[in-house]
Amino acid sequence: MNRTESQNQIRKIILIANLIAVSVIFSYFDKLISQAAFWFIPTTKIGIANIVILLAVYKFDFKETLIMVLIKVILSGLMIGGLISFIISLVASITSFIGMFLAHRYLKNIASPISISVIGGFLHIIAQLVVVDLLYNIGDAILYYGAILIFVSLITSIIIGAVSFKLLDFLDKTENS
């Protein structure tokens, strides 16, 4: 590896580290904002940190983005959650990431960041519901609560996707100028 390649690799690592930090900060504020906005639906989160993950799906490879997801989940879990919420978040985040990554890879010519965000949000909720049901054996009640979460997730995922779409457009313009 020559000096230029080495410098580019260091820049990329610094960028990824900064994006992880932003996603953790977003996770913290997401919890605060979501508790105020959705006080009537416990456990609901807007998913602001997913802006960073969605950008990473578009800008980095699978391994780099997976590392970002894992570090974000670990750091956020240490800051704002307990063991059970960490497990739920870990499974849901990995499931969501894989779904978004595959959708981007195989549907990039027909799917926008908004559609990919909706896919990720839907998979995130489904994974959470499966883990909660496996841990607590809640039964049919989880289906009703899940329907509410999926509806809210659809709305927030569209917003997250639209913000990501604008950011990706901005990044593409700055990279090309």
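Placed above this text is the structure.
In this report, the structure presented in the accompanying data block is examined. Model, not experiment: these values are computed from the prediction.

Some thoughts on the overall build of the chain
If you tally the helices and strands in the chain, you get six helices and zero strands. Secondary structure elements in the chain, listed N-terminal to C-terminal, are α-α-α-α-α-α. For 177 residues, the compact-globule estimate of 2.2 N^0.38 gives 16 Å, and the C-alpha radius of gyration of the chain, at 17 Å, lies within 12% of that figure. With respect to the principal axes defined by its C-alpha atoms, the chain has extents near 60 × 35 × 30 Å. Scored against the burial criterion, the 177 residues of the chain give a buried share of 36%. Excluding contacts between residues fewer than 6 apart, the proportion of contacts in the chain whose partners are at least 24 apart in sequence is 73%.

Details of the side chain of S34
As for its position among the elements, S34 is in helix 1 (residues 3-37). Assessed through its relative accessible area of 1%, S34 is described here as buried.

Overview of the packing of aromatic side chains
All chains considered together, the criterion is met by six aromatic pairs. Relative to F29, the ring of Y28 lies with its centre 5.5 Å away and its plane at 75 degrees, an arrangement referred to as edge-to-face. We classify Y28 as partly exposed; its relative accessible area is 36%. Since its relative accessible area comes to 44%, F29 is described here as partly exposed. Between F62 and F97, the ring centres sit 5.1 Å apart and the planes meet at 40 degrees, which makes this aromatic pair tilted. Of this pair, F62 sits in helix 3 (residues 62-80) while F97 sits in helix 4 (residues 83-107), placing them 35 residues apart in sequence.

Focus: the environment of Y58
Tracing the backbone through its elements, the reader meets Y58 in helix 2 (residues 50-59). A relative accessible area of 23% places Y58 in the partly exposed class. Distance in space between the C-alpha atoms of Y58 and A147 is 29 Å, their sequence separation being 89 residues. Setting aside its immediate chain neighbours within four residues, Y58 contacts H104, A111, S112, P113, I116 and L168.

Scoring rules and cut-offs
- Residues numbered from 1 in each chain as written.
- Predicted model: local features only at pLDDT ≥ 70, side-chain atom pairs only at ≥ 80, totals over all residues.
- Heavy atoms only, no water.
- Helix = DSSP H or I, 4+ residues; strand = E, 2+ residues; numbered from the N terminus.
- Rg over C-alpha atoms; globule rule 2.2 N^0.38 Å.
- Buried < 20%, exposed > 50% of the residue type's maximum accessible area, 1.4 Å probe, protein only.
- Contact = heavy atoms within 4.5 Å.
- Phe/Tyr/Trp six-rings, centres within 6.5 Å; stacked < 30°, edge-to-face > 60°.

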